[in-house]
Amino acid sequence: LLLDKVELLADLVEAVAEGHPVVSIGFSAGAYCLTEMLALGRPHFAAMALGGLHGHGQPGLDEIPKKRREGVIEKFEQWLARVSKHPGVAGGILAMHAEDDPWSPKRYAKLGFDAIGARNKDLGFPRVRLTVLTSGKGHKYEDEAIWSKTIFNDLFTAVGWTKSKLRGSISVSYTHLTLPT
């Protein structure tokens, strides 16, 4: 974990959001990064979608070359511990993962989704809503996982936006941005 990088990204997102609800979407390493910001406790996420999630490390050494095995299990356990203490996502967490993902096996991703979902439920928020995809594309299923109008509608509904606000392309505008030094 590179905590200083996670904090820097959280600073950036908070500055751009200017107090508005943060709705996030991430795939693969982007999904992992969002879980680290969630564990950090900032920004405050109103809703999120995670596709192709992989944690830091993995719970076993299968298929890990000997030269890369050091710390793999410990990193994964530490990641699970961090995400198990997140402050909650009131609008819910949508998760999509392919049954046949060789890069991030579903059985490992599910451990992360379960930890995040259990914490969210303990806080009175929805568990993770996991959709298992049959992609046949290995780890290259980003379009099906997170770039669908259905996912965007679900995320926007979670923060109280109506479907009528979702027309054409989605854009974000801001007048100024001051990053912390």
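All figures in this text were calculated on a predicted structure; none of them were measured in a lab.

K.L.:
Explain the sheet that holds strand 4 (residues 128-133) to me, please; I cannot follow it from the model alone.
P.N.:
Note on sheets: strands pair through backbone hydrogen bonds, and any given pair is parallel or antiparallel. If you walk across this open sheet you meet the four strands as 1-2-3-4, and the pairing is parallel. This sheet does not close on itself; its edge strands, each paired only once, are strand 1 (22-27) and strand 4. Each strand of the sheet is rotated relative to its neighbour by a mean of 10 degrees, with strand direction disregarded. Looking at chain direction, strand 1 and strand 2 (residues 45-51) are connected through six bridges and run parallel. In the strand pairing of strand 2, Phe27 is matched with Gly51.

K.L.:
Could you clarify how one ought to interpret the packing of aromatic side chains in this entry?
P.N.:
Two aromatic rings are characterised by how far apart their centres lie and by the angle between their planes. Here the structure, examined in full by the defined rule, presents five aromatic pairs. Seen from their ring centres, Phe27 and Tyr141 are 5.1 Å apart, and the 85 degrees between their planes marks the pair as edge-to-face. One end of the pair, Phe27, is in strand 1; the other, Tyr141, is in the loop between strand 4 and helix 5 (142-146), and 114 residues separate them in sequence. Taking the centre distance of 6.5 Å and the plane angle of 45 degrees together, the rings of Tyr32 and Trp79 count as tilted. Residue Tyr32 is located in helix 2 (residues 29-40), and its partner Trp79 is located in helix 3 (residues 72-83); the two are separated by 47 residues in the primary sequence. Here Tyr32 and Trp79 have matching classes, each one buried. In this structure an aromatic cluster arises from ring pairing among Tyr32, Phe76 and Trp79. If you follow Arg107 out to its NZ or CZ, it ends over the ring of Tyr108, 4.6 Å from the centre.

K.L.:
Help me understand the pairing of strand 4, please; the structure alone is not making it clear to me.
P.N.:
Each regular strand carries side chains that alternate between the two faces of the sheet. As paired elements, strand 3 (residues 93-98) and strand 4 share six bridges and run parallel to each other. Counted as the bridge partner of Ile93 is Val128 from strand 4. Handedness of the β-α-β unit built from strand 3, helix 4 (residues 106-122) and strand 4 comes out right-handed.

K.L.:
Just checking my understanding: could you explain the side chain of His97 for this structure?
P.N.:
Mapped onto the secondary structure, His97 falls in strand 3. A distance of 2.6 Å separates a polar side-chain atom of His97 from the backbone oxygen of Ser104. Excluding residues that lie within four positions of it along the chain, His97 makes contacts with Gly52, Leu53, Ser104, Pro105, Lys106, Ala109, Phe113, Leu130, Thr131, Val132, Leu133 and Tyr141.

K.L.:
It is not clear to me how helix 2 should be interpreted in this structure. Could you clarify?
P.N.:
Helical periodicity: at 3.6 residues per turn, an α-helix aligns residues three or four positions apart in one direction. For helix 2, spanning 12 residues, the distance from its first C-alpha to its last is 16 Å, which sits close to the expected 16 Å at 1.5 Å a residue. Buried within helix 2 are the following residues: Ala31, Tyr32, Leu34, Thr35, Glu36, Met37, Leu38 and Ala39. In the core, the buried residues of helix 2 are packed alongside helix 1 (3-17), strand 1, strand 2, helix 3 and helix 4. Downstream of helix 2 by a residue or two, Gly41 has a phi angle that is positive, lying close to 95 degrees.

Thresholds applied
- Residues numbered from 1 in each chain as written.
- Predicted model: local features only at pLDDT ≥ 70, side-chain atom pairs only at ≥ 80, totals over all residues.
- Heavy atoms only, no water.
- Pairing = 2+ DSSP bridges.
- Helix = DSSP H or I, 4+ residues; strand = E, 2+ residues; numbered from the N terminus.
- Axes fitted to C-alpha atoms, helices over the stretch in contact; angles between N-to-C directions.
- Phe/Tyr/Trp six-rings, centres within 6.5 Å; stacked < 30°, edge-to-face > 60°.
- Buried < 20%, exposed > 50% of the residue type's maximum accessible area, 1.4 Å probe, protein only.
- Lys NZ or Arg CZ within 6 Å of the ring centre and 35° of its normal.
- Right-handed = clockwise from strand over helix to strand, strands pointing away.
- Polar contact = N/O pair within 3.5 Å; in protein donor to acceptor, adjacent residues only side chain to side chain.
- Contact = heavy atoms within 4.5 Å.
- Expected span 1.5 Å × (residues − 1).

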